[in-house]
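Report on the structure
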Amino acid sequence: MSTRLSSGGRLVNRAKQVSFTFNGKRMTGYEGDTLGSALLANDQMMVGRSFKYHRPRGIVASGVEEPNALVNLGQGARMEPNQRVTTTELFDGLTATSQNHWPSLEFDIGAVNTYLWRFLPAGFYYKMFMYPRAFWKHVYEPFIRQSAGLGKAPDAETLDADLYEHFHAYVDVLVIGGGVAGLQAALSAGRAGARVMLIEQTAHWGGRAPVDGGTIDGMAPGAWVEQAVAELSGMENVKMRPRTMGAGVYDHGYVLGYERVNDHKPGAKGVRHRLWRIRAQRIVSAGGAIERPLSFAGNDLPGVMLASAVRDYIVDYGVSPGDRVVVVTNNDDAYRTALAVKAAGLQVPVILDARPNGGGALAEAAKKAGIRVENGKGIAKVKGGKRVTGVAICLQAGEGSVIEEIACDAVAMSGGWSPVVHLWSHCGGKLLWDAERAMFRPDGAKPPTDQDGEGFVVCAGNANGAMTLDAVMADATLQGAGAAAELGFKGAAAGAKGEAEAEAPMAAVWMMPQGANIKLRMKSWLDYQNDVKVSDVQLAAREGYESVEHAKRYTTLGMATDQGKLSNINGLAILSYALNQPIPQTGTTTFRPPYTPISMGAIGGAARAEVFQPIRRTSLYDWHEAQNAYWEPVGQWRRPYCYPKAGESHHDAVTREINQTRNSLGLLDASTLGKLIVKGPDAGKFLDLMYTNMMSNLAVGKCRYGLMCNENGFLSDDGVVARMDEDTWLCHTTTGGADRIHAHMEEWLQTEWWDLKVYVANVTEQWAQFAVVGPNGRKVLEKLGGMDVSKETLPFMQWAEGTLGGVKARAFRISFSGELSYEIAVPASEGRAFWDMLLKAGEEFGATPYGTEALHVLRAEKGFIMIGDETDGTVIPQDLGLDWAISKKKTDYIGKRGQERIHMVRPDRWKLVGLETLDGSVIPDGAYAVDEGKNSNGQRNTQGRVTSTYYSPTLGRGIALGIVRDGPKRMGEVIEFPKTDGTSVKARIVDPVFYDKEGAKQNV
Amino acid sequence: MTGGFQPYDALMSLFREFAALPVAFDWAEKDSKTTRGHPRQRRGIRPDMKRYSAFAIAREALRHHTGWERAWRSPEPKKKYDAIIVGAGGHGLATAYYLGKNYGIKNVAILEKGWLGGGNTGRNTTIIRSNYLQDPSAAIYEKARSLYETMSQDLNYNVMFSPRGVMMLAQTQHEIRGYKRTAHANKLQGVATEFISPQRVKELVPIINIDGPRYPVLGALWQPRGGTARHDAVAWGYARACSAMGMDVIQQCEVTGVRTEGGKVIGVDTTKGAIDCDKLGLVVAGHSGVLAEKAGFRLPIESLALQALVSEPIKPCMNVVVMANTVHGYMSQSDKGEMVIGGGTDGFNNYTQRGSFHHIEETVRALNETFPIISRLKMLRQWGGIVDMTGDRSPLLSKTPVEGIFVNCGWGTGGFKAIPGSGWAMAELMAKGHSPLTDEFSMFRFREGRFIDESVAAGVAH
Amino acid sequence: MSKAVSALAGAKASVLVAIEERGLQGMITLRGDFASAAFKKAVKSVLGVDLPGQRAVAVAGEKAVAWMSPDELLVMVPHEEADAVVEALSGALKSEHHLAVNVSDARAVFRLSGKDALVREVIAKVAPVDMAGFGPGQIRRTRISQVAGAFWQPEAGVLDLVCFRSVAQYVFDLLKVSAMEGSEVGHLG
Amino acid sequence: MLTLTCPYCGVSGEETEFHAGGEAHLKRFISGSTDAEFDEYMFLRENPKGVHFERWRHVYGCGKWFHAARDTNTLEVFGTYSAQVSEPPKEIKDKISAKRPGWSWRNFK
């Protein structure tokens, strides 16, 4: 059984007991434990079920590579699925439940798949479940979906209780990994004077070195780590950050760091995760190496663990994974585990060394310690059900005949080590195959390159393929100093010197035994979480899924939450052998960020709730809200759609607002309309190019409606232009157009007509602007007093500057409603005060604020087009009967050439008309007018569509604007608009101006 | 757990797969009643190719699955083919498949510089829908969607088409009008969609936050027969079927040159030697421009990186596909349990298959707000693909300035859903010289000012 | 004028650092040819400072001039003087192609004050800028999370940030969240 | 996530401060040009896998447009330069020649 040892555990504080629950069962651990070490200390060997066969799964690793031990952690607003127990720091009150089983971990009905395993090889679902067709959706898929998935989905109605944030950091040298290699690299770069940041994914510095032994500068590694950390902490130019993982390396030295700030103390003040957005000139990746499992039958049973993990649990946490631990290996490092087990007072019945000639100095030490060592042997099969009970031994060179059976309760396996090359590879760093040590390591000659075309990542230590302590320290010194030197920081001192026992060469072992028969291969797991076995990869190769990407996708090897950290190289080797080609020819799959999964919360950062996205507010925002405005988002602005009073529907409110505006006085917050100042000796010339019509000949003091197109000829914006003085124009744009048109003008000025002397400034927000509309509009302004707004002084389509009610104001005689109308602009800081004056002065006229919907109906009654309704990016001004606003005199304006193309001048284009339903009803939004017959694809032919359709309170009936093929020539014709419910509505083509065609009401 | 699911019932259905084998064959026969002849012959699949079925699995299980044959052959190129398709992605393989199936043109090679299905076919978010606004788009996407319905049976390869429904959220007044317009257009195009209420949205997607607060859900355009499929399987299934028809799928064979004579194509040069052909179809997505250059003409496209990501797998919590265009995010849950999320495209030309991280940030930010549970899930993996964009973001299925050369590209971010329709139409274009499905997608349309712009109604490109 | 109010009417928050909306601030966008002697002279004569260098801020009492682009300055004066200064500038530049326009009410200004490292850390959370390399005398126009903004440090421990008026509430909320208790980073200190 | 240096304000900023503006050095065709010329100007963009010239705007900074020479396959930036020129400056072309011998782009090499 796994248990807590009576002593040992360099990371745990035995003085501080911590209690937690697993599947509702109360357990205890120590401060410093991971959830994984604490579970093992409580003899919780089985912690989950595999994805496909629902086989029992135990902890196999001690770090980020763990594929099995995933739990639902926490509850309610802090519940998180798929948390790796090996990287979860234990805290008091932690609650965890195991995943992927029903009804319970011990008895899982899904485990029946394990008896059907013969019928469920890789890719089985591509070959079945096809008949009958309807069964896929209703029977097969629901079953597959239900049995797939791992953790629980968090509750849909509970908001995440935690907060997240981002941080931007800029460094010369970023060192990723706080093991001895990372520490040494940081020291080397830091001593040279570079700005260094050192990040480490765990809470501890020093990595595996203190567990592995040897000496650094004559000291125990732990002592050297303390000394190094002390020196680094004292350096001004070095920043150290534990619990921060290098998640991804992106182009141009951009790195994501994932800091788990409060995961070990949930609910503490501040953020849970911080996403570091680091821009580094050079990156030293010192992420270490990951031990590989061996592929033998039954290698997935709980109790079979990586040899290094067994050692970690004993040394770091004082936890024994078993009393009798069989060690199986192809390299010397696993002997350290055997020695550690022995030193803890536990038994090692045998070390099975697959190498015919066995190991070196460490093997001698093991033998000296009295451990039985068998060279050239391996495991034929692990015995046991929900946990290991023994192993059957065979010759590695054979086919699996059992020589001997040995009882044990744990197996420590080591298939060699793979450098962590992920960060090197994210941005295109190339790998080379080191056949001697059976691993891919970075090809230093082919690094990922940055904006200058220079390599910007180097690897150090294990991550660079330096596997012994002496090599690690030498490499780290070199890489750290080298990275700094490339940036001009020279003169780093010599680094520390590591010493460790000499090791005999490892031997690649991809299958155990080498000639394992099919029955053994079908039980030799490669990917524990996704249940991919040696036989599955071989099947993929046999069926022609030969590329590594095909084999991966066909078998799902390496696609689990660990992204193949344990399985990829083994699977790749099996595939290569199956294809009879060398491993490097098979190649690796692409390494993609993140290194291990990072929370969506962290990715989103602080952007939630009120700061999710900016809301742009006018000076009346609070007032609108106080009036119960129903908001409509328009870009990032919020505009009142209408102001419903108690008991009023939106429709009622809109009707009231329109009637009051037509009959007396309506007020609109038009502040969001864009206002651009265009000034300079060439401003007129420039505006003639920007607008379809002439602006250069507009007289000072006058206003003119203008159209803007894009270079394709399509109408993109409209608005009233006012000439301020000899060389200054004020251009109004739509609400959505202000920034866009400003950018559009700057673009043309800077990149095409840079010889023109014109400056543009966006003054949209400088001014609050209000439309004062209706027969009493003039009276209310006259009440405020200060400037002459009479018809004589300020006729239609003119503007004037002065004061109104004591406030500096500009008054524009323009109308988007067909009524007597002024738009008054006042400085935004006085917008609210001016609005209050307007309301007060307008009280006697029943002054009524109206929203965007009333605005739309008022303009539609008048036949005015609306950008975004009548236009959709495919409509040219000519389609909307706006030929009068297109200058024929000009040789050029933006869009002119585009409008000359053959499709744009076709006589049968759909053109603007008014539409009046025969029954007075409102045509549904978006309806199309049908034509006879169907097209060659069997689609009903159409001849037009509505673009705006409303109930008109003024006319007491439905009205619509639309574009209809050759419409203006078809006045009086009746066309039909089918509805989506199968019925249709008939409408007569009429003039688009429904109200006051003569303009009598606005020209007063 | 989603309501009403009974593990035992589902298990029984699994057993039924094995137990009711003769019945399964009956069903298969029924599917093929409309035409005469042996169903395998009708499908153009060689009678000697082993059919996939639960029975075959059971039979193979007895010999530990050692008897499965290659899904597709691995031939050396012949000297000449009637037609060569460059690009063994979904679109290229589908083109070849329908050339054989619909027009009997089976002396065809499909050349792939890497591995079949290794490009965008295997990198997308697998969404299938046809609720397009413009007639030409709706026609080809609906053709594709309808072919997906029967693809598993047609190919005898389970591509797991899952018509679970696709919805596009309306979160502004403008979007409501846009989607209502699309619903009207779809009605006339024969595409089944409807505009649904916020309450119905919540019923279909229990994990959505319809109250906003920033952008409340005001409704949605709902296509009940939209859905997803297993993307790799589409390429593999077509490849297997093409191979069975006698076509040569030639992988790791890069086209290095295009040979023409008197303005007409006569063959290609490849890393496996020169190969002659009468007709040449260029179907290479992101690399179309590079290949067109070799043939001596330029295409109106630019190549950009598009990104996607998946979360770790969780138990089923969302059965439909949701697209939220106001906040720029879309999401579905795969059969494995991962939340599959589509991100944005970079604004600059890029061939790296890596995009910029801020697009991932923007998408996830929006989805955290729309689906609050996402915040506590983790991103497992992000990746990028190269998409080719045309001037109107709609594809090119077109003749080219060189006689005998046809292009199929420019699918932008919407290619996967179109695969069978694209192949069907491209095959017709290559075999007959024109197709009603491709007529509007000519590469020369821009010169005339004729666009097929899908972004017009509610800002939905693809 | 007494009726004038700034975007957030002087809202304040005291979190890791003090955040305050600074009320009404006169601001003028001035565009022109920096190479022109007349332009330099006009700036000097009206504002009392030399033309600031690239991305620099020149301060003279209540007035300051910030370099915004190779042809644009941001002139800061007391709010009530803005119109007069625009007129003075326009007068001095009568014969020059230029643009001077009052944008005081189109902006909001926040002041962050407290421990210098904390002030700069708050900004490092919301702007893609190397705050370790930033200090008094410089101005940086950049992205403040999802909106445009610019900031400068009048002195250590103080930072002024300007954004558009319409997004003042967003920026205020964002700064408050970024400076919430318990979110010290300890990277720039 | 690119880093670009704005030649106008000198800021080396991350991509999110900038806006990509497509191919550089386009020759605009107006009324009177042929359909083919206009089509080429509007739609037939250079799309090389390699050296490319393009426009960017420092939208969150000084607001200025500028040109960049960049490799679309490695994302190396050879240099940024004024928007107000109709062809890349010689020093940029020389730099590219040193790094990518034999390159060409439209009429430039």
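Since the structure is predicted, the reported quantities are computational estimates derived from the model, not experimental observations.

What follows is about the overall build of chain C. What chain C contains, in helices and strands, is four helices and eleven strands. Whereas a compact globule of 189 residues would reach a radius of gyration of roughly 16 Å, chain C reaches 17 Å, a difference of no more than 12%. Oriented by its inertia axes, the alpha-carbon framework of chain C measures out at about 55 × 40 × 30 Å. A buried classification covers 61% of the 189 residues belonging to chain C. Considering only contacts in chain C between residues 6 or more positions apart, those separated by 24 or more positions represent 60%. Accessible surface, chain C as shown: approximately 6600 Å² in total, 50% of it carbon and sulfur. With 20 positive and 21 negative side-chain charges, chain C shows a separation of 2 Å between the mean positions of the two kinds.

Let us now look at the domain arrangement of chain C. Residues and elements named next belong to chain C. Assigned domains within chain C: domain 1 (12-19 + 106-178) and domain 2 (26-105). Taking only C-alpha atoms into account, the centre of domain 1 sits 23 Å from that of domain 2. Counting residues at the interface gives ten residues for domain 1 and 14 residues for domain 2. The tally of links from domain 1 across to domain 2 stands at zero salt bridges. Our count for the contact surface shared by domain 1 and domain 2 stands at six residue pairs in polar contact (both at pLDDT 80 or more). Elements that contribute at least two residues to the side of domain 1 that touches domain 2 include exactly β8 (107-113) and β9 (139-144).

Residue and element names in this part refer to chain A. The strand order across the open sheet built from three strands is β22-β23-β24, with neighbouring strands paired in antiparallel fashion. Taken across any chain shown, the strands that pair with only one partner, and hence form the sheet edges, are β22 (377-384) and β24 (404-407). Sheet twist, expressed as the average angle between the axes of neighbouring strands with direction ignored, equals 30°. Strand direction decides the pairing type here: strand β23 (residues 388-395) and β24, joined by four bridges, are antiparallel. Opposite V391, over in β24, you have I406 as the bridge partner.

With that out of the way, let us pick up the packing of helix α4 (residues 180-191) of chain A against helix α11 (residues 469-486) of chain A. Axis angle and axis distance: for two packed helices, these are the angle between their axes and the distance between the axes, and together they describe the pair. All names here are of chain A. Following both chains from N to C, one finds α4 and α11 inclined at 35°, their axes separated by 7 Å at the closest point. Note on packing geometry: the crossing formed by α4 with α11 is right-handed. Between α4 and α11, the residues in contact are V180, A181, Q184, A185, S188 and A189 and L469, V472, M473, A476, T477, G480, A481 and A484, respectively. Of the residues assigned to the contact of α4 with α11, the class counts are ten nonpolar, four polar and no charged.

A few words on the side chain of T126 of chain B. Mapped onto the fold, T126 of chain B is located in the loop between β2 (108-111) and β3 (127-128). A relative accessible area of 14% means that T126 of chain B is categorised as buried.

Counting residues at the interface gives 132 residues for chain B and 134 residues for chain A. Note on chain B versus chain A: buried area summed over both sides is about 12100 Å², and carbon and sulfur give 58% of it. Taken as a group, L188, R214 and R376 of chain B account for 8% of the area that chain B buries against chain A, more than any other trio of residues on that side. Joining chain B to chain A, the criterion identifies twelve salt bridges. In this structure, E157 of chain A and K202 of chain B form a salt bridge, with 2.8 Å as the shortest nitrogen-oxygen distance. Applying the counting criterion to the chain B and chain A interface returns 62 residue pairs in polar contact (both at pLDDT 80 or more). Alignment of strand β33 (residues 598-599) of chain A against strand β16 (residues 378-390) of chain B, held across two bridges, turns out to be antiparallel. Bridge pairing links I598 of chain A to M379 of chain B in β16 of chain B.

The next thing to look at is the sheet that holds strand β47 (residues 910-917) of chain A. All names here are of chain A. Across the sheet, six strands lie side by side as β48-β49-β50-β47-β52-β51; this open sheet has antiparallel pairing. Both outer strands of the open sheet, β48 (928-934) and β51 (974-978), are each paired with one neighbouring strand and no more. Averaged over all adjacent pairs, the angle separating strand axes in this sheet is 35°, with direction ignored. Direction of pairing for β47 relative to strand β52 (residues 984-990): antiparallel, over a ladder of four bridges. Following the sheet pairing, E916 is matched in β52 by R988. In the packing of helix α24 (residues 852-861) onto the sheet, the strands contacted are β49 (940-952) and β50 (957-965), and the crossing angle to β49 comes to about 115°.

Before going further, it helps to spend a moment on empty space enclosed by the protein. Residues and elements named next belong to chain A. According to the stated counting rule, one finds 18 cavities of 30 Å³ or more in the structure shown. There is about 300 Å³ of room inside the largest cavity. Forming the boundary of the largest cavity are 24 residues, of which G564, N568, I569, L572 and F591 lie nearest the centre. Those elements giving two or more residues to the lining of the largest cavity turn out to be β26 (417-419), α14 (548-555) and α15 (568-579). In terms of residues, the lining of the largest cavity owes the most to one element, α15, which gives five residues. Its residues assigned to classes, the lining of the largest cavity shows 13 nonpolar, nine polar and two charged. Composition of the lining of the largest cavity by domain shows at least three residues from each of domain 2 (164-289 + 418-499) and domain 4 (509-579). Roughly 170 Å³ of internal volume is contained in the second largest cavity.

Right, let's talk about the packing of aromatic side chains for a bit. How two aromatic rings sit relative to each other is given by the distance of their centres and the angle of their planes. Per the stated rule, a full pass over the model turns up 54 aromatic pairs over all chains. Plain terms: the ring middles of Y52 of chain B and W68 of chain B are 5.8 Å apart, the flat faces sit at 80° to each other, and that makes the pair edge-to-face. Pair noted here: Y52 of chain B is in the loop between α3 (39-42) and α4 (54-62) and W68 of chain B is in the loop between α4 and β1 (80-86), with a separation of 16 residues, a long-range link. There is no split in this pair, since Y52 of chain B and W68 of chain B are both buried. With centroids separated by 5.0 Å and ring planes inclined at 65°, the aromatic side chains of F53 of chain D and W105 of chain D adopt a geometry described as edge-to-face. Of the two residues, F53 of chain D is situated in strand β4 (residues 51-57) and W105 of chain D in the segment after α2 (90-99); the sequence distance between them amounts to 52 residues. Of the two residues, F53 of chain D and W105 of chain D, neither departs from the other in class, the shared state being buried. When the ring centre of Y52 of chain B is taken as reference, the NZ or CZ atom of K127 of chain A above it lies at 5.5 Å. Seen from the ring of Y215 of chain B, R214 of chain B lies directly overhead, with NZ or CZ sitting 4.7 Å from the centre.

Residues and elements named next belong to chain A. Burial of strand β38 (residues 703-709) is extensive: five of the seven residues sit out of reach of the surface. Summarising the sheet, β38 and strand β39 (residues 715-725) pair through seven bridges and their orientation is antiparallel. When the bridges of β39 are listed, Y705 appears paired with V720.

Bringing helix α11 (residues 288-295) of chain B into the picture now. Residue and element names in this part refer to chain B. Among all positions in α11, only S288, G289, L291, A292 and A295 are buried. Down the axis of α11, the smallest arc covering the buried residues is 160°, so these residues share one side. Next to the buried residues of α11 lie β1, β9 (255-261), β11 (273-282), β12 (301-311), β16 and β18 (405-409). Just past α11, the residue G296 takes up positive phi, approximately 95°.

Rules used throughout
Residues numbered from 1 in each chain as written. Chains lettered and ligands numbered in written order. Predicted model: local features only at pLDDT ≥ 70, side-chain atom pairs only at ≥ 80, totals over all residues. Heavy atoms only, no water. Helix = DSSP H or I, 4+ residues; strand = E, 2+ residues; numbered from the N terminus. Rg over C-alpha atoms; globule rule 2.2 N^0.38 Å. Buried < 20%, exposed > 50% of the residue type's maximum accessible area, 1.4 Å probe, protein only. Contact = heavy atoms within 4.5 Å. Areas by Shrake-Rupley, 256 points an atom, 1.4 Å probe, with all protein chains shown as cover. Lys, Arg positive; Asp, Glu negative; His and termini not counted. Charge placed at Lys NZ, Arg CZ, Asp CG, Glu CD. Domains from an automatic or database assignment. Salt bridge = Lys/Arg side-chain N within 4 Å of Asp/Glu carboxyl O. Polar contact = N/O pair within 3.5 Å; in protein donor to acceptor, adjacent residues only side chain to side chain. Pairing = 2+ DSSP bridges. Axes fitted to C-alpha atoms, helices over the stretch in contact; angles between N-to-C directions. Left-handed = near helix turned anticlockwise from the far one by under 90°. Nonpolar A, V, L, I, M, F, W, Y, C, P; charged D, E, K, R; others polar. Buried area = accessible area lost by both parts, 1.4 Å probe. 1 Å grid on protein atoms, 1.4 Å probe; cavity = no way out; pocket = protein on both sides within 12 Å on 5 of 7 lines; lining within 4 Å. Points joined across faces, edges and corners; volume = space filled by probe spheres on them. Phe/Tyr/Trp six-rings, centres within 6.5 Å; stacked < 30°, edge-to-face > 60°. Lys NZ or Arg CZ within 6 Å of the ring centre and 35° of its normal. Arc of directions from axis to C-beta.

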